[in-house]
Amino acid sequence: MDTADQLASVGTFQVLKLPLGFIRVLEWVFAIFAFATCGGYSGQLRVSVDCMEKARSNLSIGIDFAYPFRLHQVSFEAPVCEGIREERVFLIGDYSSSAEFFVTIAVFAFLYSLMATIVYIFFQNKYRENSRGPLIDFIVTVVFSFMWLVSSSAWGKALSDVKIATDPDEVQLLISACKVQTNKCGSVLEPRWSGLNTSVVFGFLNFVLWAGNIWFVFKETGWHKGASSLAGGGSEKQSGTFNQQPYNQGSFDQSAGYNTQGNLSQPTEYSQVGGPTSYSNQM
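Residues numbered from 1 in each chain as written. Predicted model: local features only at pLDDT ≥ 70, side-chain atom pairs only at ≥ 80, totals over all residues. Heavy atoms only, no water.

Student: Explain the sheet that holds strand β2 (residues 58-66) to me, please; I cannot follow it from the model alone.
Tutor: The pairing of strands in a sheet happens through backbone hydrogen bonds and is either parallel or antiparallel. What the 3 strands build is an open sheet, ordered β2-β1-β5; its pairing is antiparallel. Each edge of the open sheet carries a strand with a single partner, namely β2 and β5 (184-189). Strand-to-strand, the axes of this sheet are offset by a mean angle of 25°, without reference to chain direction. Examined bridge by bridge, strand β1 (residues 42-50) and β2 share 7 bridges and lie antiparallel to one another. Bridge pairing in β2 places Arg46 opposite Gly62. (Pairing = 2+ DSSP bridges. Helix = DSSP H or I, 4+ residues; strand = E, 2+ residues; numbered from the N terminus. Axes fitted to C-alpha atoms, helices over the stretch in contact; angles between N-to-C directions.)

Written out as structure tokens, the structure is:
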């Protein structure tokens, strides 16, 4: 028997067909895409500085930047157009806090969803034997749902600021030579934002997955089971009371019918006996 068959015989992979296990697997996959598209990003833009003296011009100035987007540490050399010297120019802005926070949440969500999936498969009996495991799972799921919402919103705002700070038109304003009207500056290459835009989308998709999984995790806790048992006991009590009503009504009808027949029979018998007696008395 190979390793896969041994794992299949030990674990309960049927849980992956349930919403609880299936959504955990999706959370694991989407967390990978979230931190990979953000943490693995590197971009480049190019600007040109065309001086009046063509020999001093630089028509392709490359500026590279990457995660975690500490743009104030990114520098490049640009011609001054006065003499042969160049100046070092730094970009503006530090957006590392939002980017690192987003990636950190994605990494921890990846680790927890992987651990929870392993527990569901191989330690399901221990997970269900008391309410502590489902309760911890429920609390962690709620916390991660909130953290995904906060981190995705913060990273979306930071990404919009990164796009502005790395816009070639904005970068030209930092170059001294571009402030002189006799010199001409322009953009050669703009950064590609498809990867970072995808990371924001995956962030909000992770929020939807974790928030939607709250209900399925809550069903495993003792709170839901206790509420279900109380609701079931109340419905059984109500149905038992309803079932007793036909018996009581029948008993009442039977006794009422008996009394009615007795009352009707008494006047008949009395009239047969009392009739001749009253006639003889009149005679």
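Student: Just checking my understanding: could you explain a nonpolar patch on the surface for this structure?
Tutor: A cluster of nonpolar side chains, contributed by Phe146, Leu149, Val150 and Phe204, occupies part of the molecular surface with about 320 Å² of accessible area. Among the elements that make up the nonpolar patch, the one with the highest residue count is helix α5 (residues 132-165) (3 residues). (Patch = residues over 30% accessible without salt bridge, like charges linked within 9 Å, V, L, I, M, F, W, Y side chains within 5 Å. Areas by Shrake-Rupley, 256 points an atom, 1.4 Å probe, with all protein chains shown as cover. Salt bridge = Lys/Arg side-chain N within 4 Å of Asp/Glu carboxyl O.)

Student: Would you mind showing me how to read the packing of helix α3 (residues 96-122) against α5 here?
Tutor: Geometrically, a packed helix pair is captured by the angle between its two axes and the distance between the axes. Their axes nearest at 9 Å, the elements α3 and α5 cross at an angle of 155°. Our classification of the angle between α3 and α5 gives roughly antiparallel. Crossing of α3 over α5 shows left-handed handedness. Taken together, the residues of α5 that come into contact with α3 (itself represented by Ser98, Ala99, Phe101, Phe102, Ile105, Ala106, Phe108, Ala109, Tyr112 and Tyr120) are Ile136, Asp137, Val140, Phe144, Met147, Trp148, Val150, Ser151, Ser152, Ala154, Trp155 and Ala158. (Parallel < 35°, antiparallel > 145°, perpendicular 65-115°, else oblique. Left-handed = near helix turned anticlockwise from the far one by under 90°. Contact = heavy atoms within 4.5 Å.)

Student: Which parts of the structure should I look at to understand helix α2 (residues 19-39)?
Tutor: Helical periodicity: at 3.6 residues per turn, an α-helix aligns residues three or four positions apart in one direction. The first and last C-alpha atoms of α2 sit 30 Å apart over 21 residues, in line with the 30 Å expected at 1.5 Å per residue. If you check which residues of α2 are buried, you get Leu20, Gly21, Ile23, Arg24, Glu27, Ala31, Ala34, Thr37 and Cys38. On the buried face of α2, the contacting elements are α3, α5 and α7 (194-218). (Expected span 1.5 Å × (residues − 1). Buried < 20%, exposed > 50% of the residue type's maximum accessible area, 1.4 Å probe, protein only.)

Student: Please clarify how the pattern of salt bridges should be interpreted in this entry.
Tutor: Charged atoms that come close allow side chains of opposite charge to pair. On inspection of all chains with the given rule, the structure shows 7 salt bridges. For Arg24, the salt bridge is made with Glu27, and the minimal N-O distance between the two is 2.6 Å. Here Arg24 pairs with Glu27, and both are found in helix α2, just 3 residues apart, close to one helical turn. One salt bridge connects Glu100 with Arg70, and the closest N-O pair in it is separated by 3.1 Å. Within this pair, whereas Glu100 is found in helix α3, its partner Arg70 is found in the loop between β2 and β3 (75-79), the two being separated by 30 residues in sequence. The partly exposed category is assigned to Arg70, whose relative accessible area is 31%. One continuous salt-bridge network, built from bridges that share partners, spans Arg24, Glu27 and Asp137.

Student: For this particular structure, what's the right way to read the state of the cysteines?
Tutor: Any covalent bond linking the sulfur atoms of two cysteines counts as a disulfide. On inspection of all chains with the given rule, the structure shows 2 disulfides. Each sulfur of the disulfide joining Cys51 and Cys81 lies 1.7 Å from the other. The sign of the -65° torsion about the S-S bond sets the Cys51-Cys81 disulfide as left-handed. Here Cys81 lies in the loop between β3 and β4 (86-90) and Cys51 lies in the loop between β1 and β2, a separation of 30 residues in the sequence. Here Cys178 connects covalently by a disulfide to Cys185, the sulfurs 2.0 Å from one another. Between Cys178 and Cys185 the disulfide shows an S-S torsion of about -100°. By sign, it is left-handed. (Disulfide = S-S within 2.5 Å.)

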